[in-house]
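Survey of secondary and tertiary structure
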Amino acid sequence: MLKSLKSRVFIAGLLIPSLYAALAFGVYRFFLLTMTSQMKTEAVLELRAITLSHDLLEVINATKSTILYTKNNDKTKLKISLSKLKKSIPRLSKDFIKIEASLKKEPDLTKTILPYMKGAKRHWNYYTVPILLVLIKHPRLVASRIFSEGVLKNLYKSAPFYAPGGVKTIENHIKKESLLGKNTNIIFILGSFIIFGITLIFIIIIAIKNEVIKESEAKYFQIFKSNSAPIIMLDVDTGDIKDANYSAVNFYGYSEPEFKGMNITKLNPFVSKRELKDFWDKLRNAGGNIIPTRHRLKNGEVKDVDIYATVLEDIGEKTYYIDIIHDVTEKKMFENKVKEDEELFRSIAENMINGIIIYREKIVYANKAAQNIMGYTEEEMFGFHIWDIYNPNENEEKYMIEKNAERRLKGEEFETKSFELKAFTKDGKELWLLIYATTIFYKGERGGLVTFIDVTDKIRLEKEIEQERQLYKNISEKDALTGIFNRRKFDSSLKEMVKLAFRYKRPLSLAMFDIDHFKEVNDNLGHKAGDEVLGELTELVETSLRDTDILARYGGEEFMIIMPETDIGDADNIAERIRKTVESHIFKNIPVVTISFGVSLYSDGEDMDSFVKRVDGAMYKAKQGGRNRVEVL
């Protein structure tokens, strides 16, 4: 088509006078080519503006995703969003450089849009990019509420399509081009039909320009309509909705015609018109803001939303708001659930009789019971390591607690069985605590949970009971006169020894002895002297026994010796040694005391009574044989 137009211009130039040919050449040379070049420059500028807007939207979405997944501790999705963010930052920086280069080619825009774009680029390079780099390196820090809102605000400040004066400048530029077109028409009309070919070229130029404008409008329309986030346009004065994109239609459930006949109060019936008007006035002065609120869908469902609102001024002598809506219902529900859980935890913890401590490097929480038990204030306990509140003198216990704490802080999950541990209160009072510890996840970090109760009274009572039990045991097992085992202890011990000897086929010997003519001692010297002889005798016999032997008073002046792991020969030798020792000893009340021994070896399968009866028979044989001797049976 362009080739044919050129050929017609060429033919027309041959038919008209040289003056009109020169005029046609001038129009072609200085108008058509310049306008074509200008349109190409504008098209490139529009394309780069669209690219910049899309890339900025990707950065915003990646930033929001990074903040959200950091808060939710979703490591897999966080890794993906961080990767997208890293790739988007350099691409967007190049977009700023390209669009700035295009603006420099537009003389009408160098004093208006170019300064704003330089400002946006400067804000991007020196404010937004450093913040995003910090977000990539330290997502947990920047994702906190105090930083995350600032990050998003900085991103929108870097957005070129939020320039209040940008649209008006473009309109003025279009008006200038329109005026130029009118003047051109006048020139071609005065040239009459002689310069028909030149007029035709002018019409084609206008048509091409209009087509370019329509394509630009279609591109901007596509950006608005096909944006993944719901977007609505509001009349500043009335609050009427002028337009809504496809995402808004899907989100709210209203059709486009329903939207265009609707006021914003239908979506947001939870605030009065007066409150909305006050907010719009503040928004007009601020130029943009983020609004947390609630919107009602067509089906009656209420959603928590964050509205990213900005002002567009002087669009057809009207001022509009552009609201980008983000559904944060699930986020709010999660935040409320976390808040409820924390309140529930504190309510339970503060009213428990158990002490509760949460620690990381140091204690970060101690309930009232823990403070009361240990005698410290909450602020004082915050300065302690977990092992500081226990017994400072037990290095082994301190080392064990410290190592377990280190394992928990590294993320190792394990439970410690309950155990009793000595501790001291602030004023030095000794306590015994029953402690249970486990690994927990508290406020986004690993830590340890310790619960304990004061069992000092229980431990003290157990010690008293043990002392009483030991005392009772001594009373029930020991002979009151001699201090050695009594008949009861002898019976239980021998019964157990017989079982072991029978089961493992091991030797077991039993010796029985009594004092010769002991009745004469009592009759001549009295029972007290006789008791003293019994006590002195048992002390003497004990010195001749082994640690494994068991000496017991069987009754009156009769005694038993249980000798485990001892055959009959060794038992006979031991008995003979004891007999000689007693015979040679000078007692306190009488010069000489002798004893008669009976010794027997356990027979496999023999019961205890038979065993005792045999050794008793052996001792009787010793008595019959003249006393002061050892008999084996």
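Reading the values: rules and limits
Residues numbered from 1 in each chain as written. Predicted model: local features only at pLDDT ≥ 70, side-chain atom pairs only at ≥ 80, totals over all residues. Heavy atoms only, no water. Axes fitted to C-alpha atoms, helices over the stretch in contact; angles between N-to-C directions. Helix = DSSP H or I, 4+ residues; strand = E, 2+ residues; numbered from the N terminus. Parallel < 35°, antiparallel > 145°, perpendicular 65-115°, else oblique. Left-handed = near helix turned anticlockwise from the far one by under 90°. Nonpolar A, V, L, I, M, F, W, Y, C, P; charged D, E, K, R; others polar. Contact = heavy atoms within 4.5 Å. Buried < 20%, exposed > 50% of the residue type's maximum accessible area, 1.4 Å probe, protein only. Pairing = 2+ DSSP bridges. Phe/Tyr/Trp six-rings, centres within 6.5 Å; stacked < 30°, edge-to-face > 60°. Salt bridge = Lys/Arg side-chain N within 4 Å of Asp/Glu carboxyl O.

A closer look at the packing of helix 3 (residues 75-104) against helix 4 (residues 113-137)
Running from amino to carboxyl end, helix 3 crosses helix 4 at an angle of 165 degrees, the nearest separation of the two axes being 10 Å. Classified by the angle between their axes, helix 3 and helix 4 sit roughly antiparallel to one another. Pair helix 3 / helix 4 crosses with left-handed handedness. Partitioned by chemical class, the residues of the contact of helix 3 with helix 4 number 18 nonpolar, two polar and five charged.

A look at the environment of Leu92
By secondary structure assignment, the location of Leu92 is in helix 3. The residues touching Leu92, leaving out its near neighbours within four places in the chain, are Leu52, Asp55, Leu56, Val59 and Trp124.

A word on the pairing of strand 11 (residues 508-515)
Remark: a regular strand shows side chains that alternate across the two faces of the sheet. Counting buried positions over the eight residues of strand 11 gives eight, a clear majority of the element. Across the two faces of strand 11 the burial is the same, with Leu508, Leu510, Met512 and Asp514 and Ser509, Ala511, Phe513 and Ile515 all buried. As paired elements, strand 11 and strand 13 (residues 558-564) share seven bridges and run antiparallel to each other. Following the sheet pairing, Ala511 is matched in strand 13 by Ile561. Alignment of strand 11 against strand 14 (residues 595-601), held across seven bridges, turns out to be antiparallel. Across the sheet, the residue bridging to Phe513 is Phe597, located in strand 14.

Some thoughts on the packing of aromatic side chains
Scanning the model with the defined rule gives nine aromatic pairs in all. Ring centres 5.9 Å apart and planes at 85 degrees place the aromatic pair Tyr252 and Phe259 in the edge-to-face group. The same class applies to Tyr252 as to Phe259, namely buried. Their ring planes at 80 degrees and their centres at 4.9 Å tell us that Tyr376 and Phe384 sit as a pair that is edge-to-face. Grouped by ring-pair contacts, the aromatic residues Phe251, Tyr252, Tyr254 and Phe259 constitute a single cluster.

Quick look at the pattern of salt bridges
Summed over all chains, the structure comprises 20 salt bridges. Here Glu606 and Arg614 are joined by a salt bridge, their closest N and O atoms 2.8 Å apart. Overall, Arg614 belongs to the partly exposed group, its relative accessible area being 22%. Overlapping salt bridges, with partners in common, bring together Glu301, Lys303 and Asp327 in one network.

Examining the packing of helix 19 (residues 518-525) against helix 20 (residues 527-542)
Two numbers describe how helix 19 lies on helix 20: the axes approach to 6 Å, and their chain directions differ by 135 degrees. Viewed along their axes, helix 19 and helix 20 adopt a mutual orientation that is oblique. Facing helix 19, whose interface residues are Phe518, Val521, Asn522 and Leu525, helix 20 presents His527, Ala529, Gly530, Val533 and Leu534. Class assignment of the residues belonging to the contact of helix 19 with helix 20 gives a composition of six nonpolar, three polar and no charged.

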